[in-house]
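Structural characterization, general
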Amino acid sequence: MIMVNQSGTYPTFQTPTTLQNASNTTIMLDDRDDNLAKVQIAILAILFVCATLSNFLILFVLLKRRKHNALMHTFMINLCIADLVVAFFQVLPQLVWVVTDRFRGPDILCRLIKYLQVVGMFASSYMIVAMTFDRHQAICRPMMTYKKGMARWNVPVFVAWAASLVLSIPQIFIFSKTKLPTGTYECNGAFIEPWGTKAYITWVTAAVFVLPTLVIATCQVLIFKEIHDSIYLKSERITAMVKKKTQLVNGKDTQKSEVTTAMSKTIKMTMVIVLVYVVCWAPFFLIQMWSVWDPKAETERPVFVILMMLASLNSCTNPWIYTTFSSSVSNDLHQMFCYVRRGIRKNSIPEDSCLTGTSTVPKDSLY
């Protein structure tokens, strides 16, 4: 993660003491808190295992259903990939750093890890923006969405990944493996003093968290306004149509109700994903901003260190939120667990629920 302390080291959840000498060179005195390090290792290991297993599992189910070409499945496949990037290039490197207490690797590995760390952050954030924007288009501009057809599905995903890959490029030039005055090597960032660190952290916070949150909030407000207008302001006209064409409207109304229910599920799911994202990442970015803008900030306290580590918890929650709201994915997942359990207990009688479950319900397969 892009955790900056006074030495400008990315990432670090350790608590080094820094001193500035006459030549403005940072000297790191290792006063590692072993108890805090053990807590960090435990939390990071749990986060890595949970994020990896959950995203791989849901990704496997989604790819198995790719022939259905479900719209939200496409977004969730890419969100799972983004969360796996977070797991392997944010959580895992951080875990190794805490265990070894130093960066151990060549310069190219330092730059690559730093680049992919921010790619994961951007991609996870921008994929949620893409999902929300797509829901806005589908609800507020349904005719435009219909005209674009299948091609529109990949455009938001492509833009999210392209923006993530491009906006992360500065990491390659800012960070490198450098030799400290103590004789040890670290993967450090070089910033122009005294404003370089402030400018960069502020930019990353705005690009990864603040601006996406504003876009998401705007889309959600417009979605709710459209739903409100459709339900309440047009209720009289709908009532009149029902009275004139009872049978015809009843036939269409059932179908419309099914689509509305499915659409409603995706809106609720998107809202939950957004709320969890804000809850997980808000402490991280707030503490980051505090640490670079307030010279007296004591952000190296254990409570702040742990709070920032929990930002990666977001990568563990996304796949299960989607599973909760997607009947098709949850049914497939249930079937998978049933077969595994039956394979382990070969001599036992198969459970009825394993035989009666299905994942081919048309309205569920849409989302």
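Reading the values: the criteria
Counting starts from 1 at the beginning of each chain's written sequence and moves along it residue by residue. Residues qualify for local features only when their pLDDT is at least 70, as the model is predicted, and side-chain atom pairs are given and counted only at 80 or more; totals for whole chains, interfaces and linings, by contrast, use all residues. Computation of side-chain values: all heavy atoms of the structure, hydrogens and water removed. UniProt positions are given in the numbering used here, feature names are shortened, and annotations may be inferred rather than shown by experiment. The helix and strand labels rest on DSSP assignments: H or I over at least four residues marks a helix, E over at least two residues marks a strand, and numbering proceeds from the N terminus. The set of buried Ala, Val, Leu, Ile, Met, Phe, Trp, Tyr and Cys residues whose side-chain atoms join them within 4.5 Å is what this entry labels a nonpolar core. Whether a residue is buried, partly exposed or exposed follows from its accessible area with a 1.4 Å probe, protein chains only, as a fraction of its type maximum: under 20%, in between, or over 50%, in that order. Note on ring pairs: Phe, Tyr and Trp rings are taken, using the six-membered ring of Trp, and paired if centres are within 6.5 Å. Classes follow the plane angle, with under 30 degrees stacked, over 60 edge-to-face and the rest tilted. Should the NZ of a Lys or the CZ of an Arg lie within 6 Å of a ring centre and within 35 degrees of the ring normal, that charge is described as sitting over the ring. Where helices are involved, their axes are fitted lines through C-alpha atoms of the stretch in contact, as for all axes, and angles between N-to-C directions lie from 0 to 180°. Angle categories: roughly parallel below 35 degrees, roughly antiparallel above 145, roughly perpendicular from 65 to 115, and oblique for all the rest. For any helix crossing, the convention is left-handed if the near helix is rotated counterclockwise from the far helix by under a right angle, and right-handed if that rotation is clockwise. Each residue receives one of three labels: charged for Asp, Glu, Lys and Arg, nonpolar for Ala, Val, Leu, Ile, Met, Phe, Trp, Tyr, Cys and Pro, and polar for the others, Gly being one of them. Note: two strands are recorded as paired if DSSP finds a minimum of 2 bridges between them. pLDDT gives the predictor's per-residue confidence on a scale running from 0 to 100. In what follows, residue pairs with any heavy atoms lying within 4.5 Å of each other are defined as contacts. Defined by distance alone, a disulfide is two cysteine sulfur atoms within 2.5 Å. For a helix, the expected span equals 1.5 Å multiplied by the number of residues minus one. Only one rule defines a salt bridge in this text: a Lys or Arg side-chain nitrogen within 4 Å of an Asp or Glu carboxyl oxygen.

An unreviewed UniProt entry annotates the protein chain as Vasopressin V2 receptor of Taricha granulosa. According to the UniProt record, the Subcellular location (unreviewed entry) comment for the protein chain reads "Cell membrane".

Digging into the UniProt feature "transmembrane region" (unreviewed entry) in the protein chain
Using the residue numbers shown here, the UniProt feature "transmembrane region" (unreviewed entry) corresponds to residues 41–63, 75–92, 112–133, 153–175, 200–224, 272–291 and 303–322. Its end C-alpha atoms 31 Å apart, residues 112–133 is made of 100% helix and 0% strand.

Section: the environment of S264
Tracing the sequence through the fold places S264 in helix α9 (residues 246–293). Each C-alpha atom, one on S264 and one on I227, is 10.0 Å from the other, the two residues being 37 residues apart in sequence.

Looking at the nonpolar core
With 57 residues, the main nonpolar core has L62, M131, M269, W281 and F285 as its most contacted residues. Looking at this core element by element, the count peaks at 13 residues for helix α3 (residues 107–140). Residues L44, L95, V305 and C316 belong to the second largest nonpolar core, which totals 13 residues.

Some remarks on the packing of aromatic side chains
Considering all chains together, one arrives at 15 aromatic pairs under this definition. When the ring of F175 is compared with that of F191, the centres are 6.2 Å apart and the planes differ by 85°; the resulting orientation is edge-to-face. Within this pair, whereas F175 is found in strand β3 (residues 175–179), its partner F191 is found in the loop between β4 (185–189) and α7 (196–233), the two being separated by 16 residues in sequence. Overall, the relative accessible area of 0% leaves F175 in the buried class. By relative accessible area, which is 15% here, F191 ends up buried. Residues F191 and Y200 carry aromatic rings whose centres are separated by 5.7 Å and whose planes lie at 45° to one another, so their mutual orientation is tilted. Accessibility assignment for this pair places F191 and Y200 in one class, buried. Members of the aromatic cluster, joined through ring pairs, are F122, Y126, F175, F191, Y200 and W203. When the ring centre of F175 is taken as reference, the NZ or CZ atom of K114 above it lies at 5.3 Å. It is K177 that lies over the ring of Y185; its NZ or CZ is 5.1 Å from the centre.

Thoughts on the packing of helix α2 (residues 71–100) against α3
Relative to each other, α2 and α3 sit at 155°, their axes nearing to 8 Å. It follows from the interaxial angle that α2 and α3 lie roughly antiparallel. Every pair of crossing elements has a handedness; the one defined by α2 and α3 is left-handed. Residues that form the contact of α2 with α3 fall into these classes: 19 nonpolar, five polar and four charged.

Considerations on the pairing of β4
Among the five residues of β4, four are classified as buried, and the element is accordingly described as predominantly covered. Sheet topology places β3 next to β4; five bridges connect them, and they run antiparallel. Note that in β4 the partner of T178 across the bridge is E186. Linking β3 back to β4 in an antiparallel pair, the connection comprises five residues, with G183 at a positive phi of about 95°.

Re the confidence of the model for the protein chain
Detailed reading of the predicted coordinates is not advisable wherever pLDDT falls low. The predicted model of the protein chain has a mean per-residue pLDDT of 75, with 71% of residues at 70 or higher. For the protein chain, strand β1 (residues 17–20) is the element with the lowest average pLDDT, namely 28, and helix α6 (residues 170–174) is the one with the highest, namely 92. Confidence drops under pLDDT 50 across residues 1–29; counting only partners more than four residues distant or on other chains, this segment forms 97 contacts. Confidence drops under pLDDT 50 across residues 355–367; counting only partners more than four residues distant or on other chains, this segment forms 27 contacts.

Some points on the state of the cysteines
As enumerated under the stated definition, the model contains one disulfide in all. In this model, C110 is linked to C187 through a disulfide, with the two sulfur atoms separated by 1.8 Å. Between C110 and C187 the sulfur-sulfur dihedral comes to about 80°; the bridge is accordingly right-handed. With C110 in helix α3 and C187 in strand β4, this residue pair connects regions lying 77 residues apart in the sequence. The exposure class assigned to C110 is buried, which follows from its relative accessible area of 0%. Among the cysteines around C280, which has no disulfide bond, C316 carries the closest sulfur, lying 8.7 Å off.

Brief notes about helix α11 (residues 314–325)
Between its terminal C-alpha atoms α11 stretches 17 Å, which fits the 16 Å expected from twelve residues at 1.5 Å a residue. Buried residues dominate α11, accounting for nine of its twelve residues. Listing the buried residues of α11 in full gives N314, S315, C316, N318, P319, I321, Y322, T323 and F325.

Focus on the pattern of salt bridges
Between side chains of opposite charge, a pair can form when the charged atoms approach closely. For the coordinates displayed, the defined rule picks out three salt bridges. One salt bridge in this structure joins R111 and D107, with 2.7 Å as the shortest N-O distance. You can see R111 and its partner D107 sitting in helix α3, four residues apart, about one turn around the helix. Of the charged contacts, one joins D134 and R135 as a salt bridge, the two residues approaching to 2.6 Å between their closest N and O atoms. Of the residues examined, R135 reaches a relative accessible area of 1% and is grouped as buried.

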